[in-house]
Amino acid sequence: MKYNLPPLEMLKRLGYTQPVEGEWLKKFRRGAQIPLPRVYWDFMEYAAGCPLFATSDLWVEKKPSFARGPRMFRDVLQETLEDRTGPLGDPPQSFIDFALDKLSWRPLERWPEDYLLIGSDYVRNMAFFGIRKEDLFQDDPPVYWWHVWDSDFLWKPECRKLSSFLQRVLVDVLSCNDYDTAKDALEEKGWRYEESFDAERAVPTTSRAVLRKQGISFLRLKKYNSLSRVKVYCCYDEKKNVFYSGIIDEGEILLAAFNRDEAGRIFPNK
């Protein structure tokens, strides 16, 4: 059982084995006049436009738009400020309006530190993830986050490494915690989604005993904090070619499996 597959290896084992057209990333890099970290570049070559991430915290659209594609933080602030035609609305018309009034009178040299924006909290769209511009030359730089209510633009540490952030995002997607996007996307790749089911309680749940039966060590599982305030996990059975994923919420464990269509069922007693 593999408990800590690198995110790019996970993506390839799920069937996304062909790099997509990378010209859009090259154009973005040239336009922004910035380097792109090797880990980000390598991952996005396969993840760009991937339907698996459609409802994730990672922006993968193949265009430099602020909707779901990478942008420089200062560019977004400046463009949004220039587009405003009147005073701050009530309620605010844009996520950034909460903080823009503080910037309207500041000279550019006193604007907040610049970041490469790479994602946002998809569920609420209130927290944004980025890499400091000064760190973009690193292969695997730290990732920070900023909340729209913070009008002082103070970015806080999210992950010590970009690879850890990408792994957390992918594990969160596979857990089907907030959305069933992974079920639909992977079904097209020939995967079947199954849930461990407690027949007596008639609810999808599991126990450490069920984990052990599947060869999973609860202690070795790497648990990630989801923005939905639960923990998510994922591991890979290389012999069976099965991805196990799930949620831990206040002590209750949910377990699911992505198994190939042609293989036998993982939880046959449901």
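Anything mentioned here points back to the structure above.
If you're wondering where the values come from, they're calculated on a predicted model, not measured in any experiment.

S.K.: An account of the overall build of the chain is requested, with residue identities and associated values reported.
M.R.: Secondary structure assignment for the chain yields eight helices and ten strands. The buried share among the 270 residues of the chain stands at 48%. At a minimum sequence separation of 6, the contacts of the chain that also span at least 24 residues come to 56%. A total of about 13800 Å² of accessible surface is found on the chain, and carbon and sulfur atoms cover 48% of it.

S.K.: Give me helix 6 (residues 162-174): which residues, what numbers.
M.R.: With 13 residues, helix 6 ought to run about 18 Å at 1.5 Å a step, and its terminal C-alpha atoms sit 19 Å apart, in line with that. Of all 13 residues making up helix 6, twelve are buried, and the element is well covered by its neighbours. Residues of helix 6 that are buried: Leu 162, Ser 163, Phe 165, Leu 166, Gln 167, Arg 168, Val 169, Leu 170, Val 171, Asp 172, Val 173 and Leu 174. Taken from the residues just after helix 6, Cys 176 is the one with a positive phi, measuring 55 degrees.

S.K.: Describe the sheet that holds strand 1 (residues 71-72), and please don't skip the residues or the numbers.
M.R.: Here we have five strands laid out as an open sheet, ordered 1-2-3-4-5, and antiparallel in their pairing. Only two strands of the sheet have a single partner each, and these edge strands are strand 1 and strand 5 (156-159). Judged from the three bridges that link them, strand 4 (residues 143-147) and strand 5 form a sheet pairing that is antiparallel. Bridging from a neighbouring strand, Trp 145 pairs with Lys 156 of strand 5. Against the sheet, helix 6 makes contact with strand 2 (115-120), strand 3 (127-132), strand 4 and strand 5, and its axis sits at roughly 65 degrees relative to strand 5, the strand it touches most.

S.K.: Please provide a residue-by-residue account of the sheet that holds strand 7 (residues 224-225), values included.
M.R.: Within a sheet, adjacent strands bond to each other through the backbone by hydrogen bonds, running parallel or antiparallel. Spatial strand order, 6-10-9-8-7: five strands in an open sheet with antiparallel pairing. Whereas interior strands pair on both sides, the edge strands pair on one side only; in this sheet they are strand 6 (191-195) and strand 7.

S.K.: Help me get a handle on the nonpolar core, residues and values and all.
M.R.: Residues Leu 52, Phe 53, Leu 58, Ile 118, Leu 162, Phe 165 and Leu 174 are the most contacted members of the largest nonpolar core, which totals 52 residues. The element contributing the most residues to this core is helix 6, with eight residues. Contact partners of Phe 165, with chain neighbours within four places excluded, come to Asp 57, Leu 58, Ile 118, Phe 129, Val 143, Glu 158 and Cys 159. Counting 15 residues, the second largest nonpolar core, distinct from the first, contains Tyr 3, Leu 221, Tyr 244 and Phe 267.

S.K.: Lay out the packing of aromatic side chains with the relevant residues and their values.
M.R.: This structure, assessed with the given rule, holds 15 aromatic pairs. When the centroid spacing of 5.9 Å and the interplanar angle of 70 degrees are considered together, the rings of Tyr 115 and Tyr 144 count as edge-to-face. In this pair, Tyr 115 is assigned in strand 2 and Tyr 144 in strand 4, connecting sequence segments 29 residues apart. Residue classification places Tyr 115 among the buried positions, given a relative accessible area of 4%. With a centroid separation of 5.1 Å and an interplanar angle of 55 degrees, the aromatic rings of Tyr 193 and Phe 258 are classed as tilted. With Tyr 193 in strand 6 and Phe 258 in strand 10 (residues 252-260), this pair connects stretches of sequence that are 65 residues apart. The partly exposed category is assigned to Tyr 193, whose relative accessible area is 22%. Overall, Phe 258 belongs to the buried group, its relative accessible area being 1%. Three or more aromatic residues link up through ring pairs in this structure, and these residues are Trp 59, Phe 73, Tyr 115, Phe 128, Tyr 144, Trp 146, Phe 153 and Trp 155.

What counts and how
- Residues numbered from 1 in each chain as written.
- Predicted model: local features only at pLDDT ≥ 70, side-chain atom pairs only at ≥ 80, totals over all residues.
- Heavy atoms only, no water.
- Helix = DSSP H or I, 4+ residues; strand = E, 2+ residues; numbered from the N terminus.
- Buried < 20%, exposed > 50% of the residue type's maximum accessible area, 1.4 Å probe, protein only.
- Contact = heavy atoms within 4.5 Å.
- Areas by Shrake-Rupley, 256 points an atom, 1.4 Å probe, with all protein chains shown as cover.
- Expected span 1.5 Å × (residues − 1).
- Pairing = 2+ DSSP bridges.
- Axes fitted to C-alpha atoms, helices over the stretch in contact; angles between N-to-C directions.
- Core = buried A, V, L, I, M, F, W, Y, C linked by side-chain atoms within 4.5 Å.
- Phe/Tyr/Trp six-rings, centres within 6.5 Å; stacked < 30°, edge-to-face > 60°.

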